[in-house]
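Observations on chain architecture
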Amino acid sequence: MTGDDPETPDAGAQVPEGLSRREALKRVGAGGLVLGTGFVAGGAIGSDAQEDTEGTYDGGRLSRELPVGVAAGPYGTEFSVPDDLEGDALDHLTFPPPPAAGPVELEMAVVEHPHRVSLAHTVSAWSYNGTSPGPIIRANEGQTIRIHFSNKTGHDHNLHFHGRHSPLHDGWEPIPPGSSTIYEIEAGPAGLHPYHCHTMPIDRHIAKGLYGALIVDPPGGRPEAREVVLALSGWDVDDDGRNELYSWNGVAGFYQKYPIKLPVGEPVRAYVLNMTEFDPIASFHLHAQTFDVYPAGMGQVPAFSSDIVTLGQMERAMLEFSLPEVGRYMFHPHQHAMVMRGAMGWFAAI
């Protein structure tokens with residue numbers, strides 16, 4: 001990394017012939033290892049790469065052979081961000097809205113659409129309001145949340161919130177195609193709660209993109225901080241009941257190419273959710289710094305401090321920290337198959 005450009009990964013030199021992997025890694029450093037005629041992992045990836053293959057990397061059990069010219073290190077390849085996405089493409093899913101001033105009322109439609117989850121993969125997604133994850137919803141504890149829900153697909157769907165609310169609006173009843181309903185809940189308790197489709201088969205509906213985050217602020221609000229939302233998900237691209245790639249906020253490799261920029265030394269609050277299906281556990285690990293952990297975003301004081309938090313399916317945590325000096329701070333699950341398939345990202349302290 002250069003000190004002047006926190007968005008552009010280091011560009012390494014080609015590995016000289018006969019150089020050992022250990023020696024090559026020492027020379028290239030954080031920029032990654034160059035294999036064959038590929039680029040440094042994390043660097044530019046061309047969408048018009050040649051179709052013949054050579055020197056492929058199989059440490060991550062890639063789903064296909066890699067074309068010449070495509071990065072072959074652990075943080076590149078087919079699991080990179082689509083090359084036509086700009087750096088602000090996920091801002092609406094990364095940065096939460098400010099605390100609500102009154103009752104929250106919004107339209108929520110389930111739609112089916114092609115979702116380009118990586119450089120090489122497009123899935124037929126179900127989503128709330130056309131994005132996976134769905135929109136970030138925010139309310140104050142005790143406020144009314146009223147959702148005008150409509151199902152615009154050919155399958156049954158619904159909307160279920162975690163947290164406390166009346167069972168009359170729990171969202172488990174299937175809403176048929178073309179139908180609509182109104183969900184009305186009282187936001188609470190203060191914390192971080194997922195929402196998702198609860199129609200059978202539930203795992204398939206969530207895995208196809210029907211999930212999102214609800215932030216409930218406590219009375220008086222939380223201390224001022226730079227806030228980000230990070231929802232980890234897996235994508236079963238071939239419908240075999242296993243995830244082939246992983247993403248933060250719906251797009252593999254996005255925060256590798258476009259680090260989340262944060263001011264040096266200022267408080268940061270990260271709302272982290274594990275929304276993966278087909279994997280029993282995931283985690284969030286931050287390099288070069290520790291954080292205070294509020295499980296499910298609840299409580300007035302942190303439960304513990306660490307540099308890693310482990311999350312089962314649908315578990316979540318609110319993490320508070322600061323980045324004390326200029327530089328890149330990597331984050332990722334410590335399930336490394338997920339990392340190599342799209343779930344690595346950076347905070348850039350500037």
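The shown structure was predicted, so the numbers you read here are calculated from the model rather than taken from an experiment.

Here's the deal with the overall build of the protein chain
What the protein chain contains, in helices and strands, is five helices and 19 strands. When the accessible surface of the protein chain is summed, it comes to about 15200 Å², and 52% of that surface belongs to carbon and sulfur atoms.

Digging into the packing of aromatic side chains
Per the stated rule, a full pass over the model turns up twelve aromatic pairs. Aromatic side chains Phe 161 and Tyr 195 sit 5.6 Å apart centroid to centroid with 55° between the ring planes, which places their arrangement in the tilted category. Note that Phe 161 is positioned in strand S5 (residues 160-161) and Tyr 195 in strand S7 (residues 191-196), a separation of 34 residues in sequence. On the accessibility criterion, Phe 161 (2% relative accessible area) is buried. According to the relative accessible area criterion, Tyr 195 is buried, its value standing at 0%. An aromatic cluster is built from Trp 248, Phe 254, Tyr 255, Tyr 258, Phe 284, Phe 291, Phe 321, Phe 331 and Phe 347, whose rings are joined through pairwise contacts. Above the plane of the ring of Trp 126 lies Lys 208, whose end atom (NZ or CZ) is 4.9 Å from the centre. Seen from the ring of Trp 346, Arg 328 lies directly overhead, with NZ or CZ sitting 5.2 Å from the centre.

Topic: the sheet that holds strand S12 (residues 268-274)
Read across the sheet, six strands follow the order S10-S9-S12-S17-S14-S15 without closing on themselves; strand pairing throughout is mixed. The open sheet terminates on both sides in strands that have one partner only, identified here as strand S10 (245-248) and strand S15 (304-306). Each strand axis lies, on average, 25° off the axis of its neighbour in the sheet, ignoring direction. Pairing of strand S14 (residues 291-295) with strand S17 (residues 316-321) involves four bridges; the strand directions are antiparallel. Counterpart to Asp 292 in the pairing with S17 is Glu 320.

Points about the pairing of S12
In terms of residue burial, S12 counts as a mostly covered element, since seven of its seven residues are buried. Of the two faces of S12, the one holding Val 268, Ala 270, Val 272 and Asn 274 and the one holding Arg 269, Tyr 271 and Leu 273 are both buried throughout. The sheet contact formed by strand S9 (residues 226-235) and S12 spans seven bridges and is parallel. Counted as the bridge partner of Arg 226 is Val 268 from S12.

Concerning the nonpolar core
Trp 248, Phe 284, Leu 319, Phe 331 and Phe 347 are the most contacted members of the largest nonpolar core, which has 34 residues in total. Once residues lying within four places of it in the same chain are set aside, the contact partners of Phe 347 are Val 228, Leu 230, Ile 260, Leu 262, Phe 284, Leu 286, Phe 321, Leu 323, Gly 327, Arg 328, Tyr 329 and Phe 331. Counting residues in hydrophobic clusters, the runner-up holds 23 residues, among them Leu 106, Trp 126, Leu 159 and Leu 210.

A look at the pattern of salt bridges
Within the structure shown, the criterion is met by twelve salt bridges. The residue Arg 116 makes a salt bridge to Asp 83 at a minimum N-O spacing of 4.0 Å. Of this pair, Arg 116 sits in strand S1 (residues 104-116) while Asp 83 sits in the loop between helix H1 (21-28) and helix H2 (91-94); the two residues are 33 residues apart in sequence, bridging distant segments of the chain. We classify Arg 116 as partly exposed; its relative accessible area is 30%.

Details of the side chain of Glu 320
The topology assignment puts Glu 320 in strand S17. Here Arg 269 takes part through its side chain, which lies 2.8 Å from a polar atom of the side chain of Glu 320. Contact partners of Glu 320, with chain neighbours within four places excluded, come to Val 268, Arg 269, Phe 291, Asp 292 and Tyr 294.

Quick word on the environment of Leu 319
Mapped onto the elements, Leu 319 comes out in strand S17. Among the residues examined, Leu 319 registers a relative accessible area of 0% and is labelled buried. Taking C-alpha positions, Leu 319 is 8.0 Å from Gly 297, a pair spaced 22 residues apart along the chain. Residues within four places of Leu 319 in sequence aside, it is in contact with Val 268, Arg 269, Ala 270, Val 272, Phe 284, Phe 291, Asp 292, Val 293 and Val 309.

Side note on the confidence of the model for the protein chain
For the protein chain, the mean per-residue pLDDT works out to 83, and 78% of the residues sit at or above 70. Residue range residues 1-75 is modelled with pLDDT below 50. Its contacts to residues more than four positions away, or to other chains, number 117 contacts.

Some thoughts on the sheet that holds S7
Strands sit in the order S3-S8-S7-S5 across an open sheet of four strands; the sheet is mixed. Edge strands, defined here as strands with exactly one partner in the open sheet, are strand S3 (137-140) and S5. Pairing of S3 with strand S8 (residues 211-217) involves four bridges; the strand directions are parallel. Counterpart to Asn 140 in the pairing with S8 is Asp 217.

Thresholds applied
- Residues numbered from 1 in each chain as written.
- Predicted model: local features only at pLDDT ≥ 70, side-chain atom pairs only at ≥ 80, totals over all residues.
- Heavy atoms only, no water.
- Helix = DSSP H or I, 4+ residues; strand = E, 2+ residues; numbered from the N terminus.
- Areas by Shrake-Rupley, 256 points an atom, 1.4 Å probe, with all protein chains shown as cover.
- Phe/Tyr/Trp six-rings, centres within 6.5 Å; stacked < 30°, edge-to-face > 60°.
- Buried < 20%, exposed > 50% of the residue type's maximum accessible area, 1.4 Å probe, protein only.
- Lys NZ or Arg CZ within 6 Å of the ring centre and 35° of its normal.
- Pairing = 2+ DSSP bridges.
- Axes fitted to C-alpha atoms, helices over the stretch in contact; angles between N-to-C directions.
- Core = buried A, V, L, I, M, F, W, Y, C linked by side-chain atoms within 4.5 Å.
- Contact = heavy atoms within 4.5 Å.
- Salt bridge = Lys/Arg side-chain N within 4 Å of Asp/Glu carboxyl O.
- Polar contact = N/O pair within 3.5 Å; in protein donor to acceptor, adjacent residues only side chain to side chain.
- pLDDT = per-residue confidence, 0-100.

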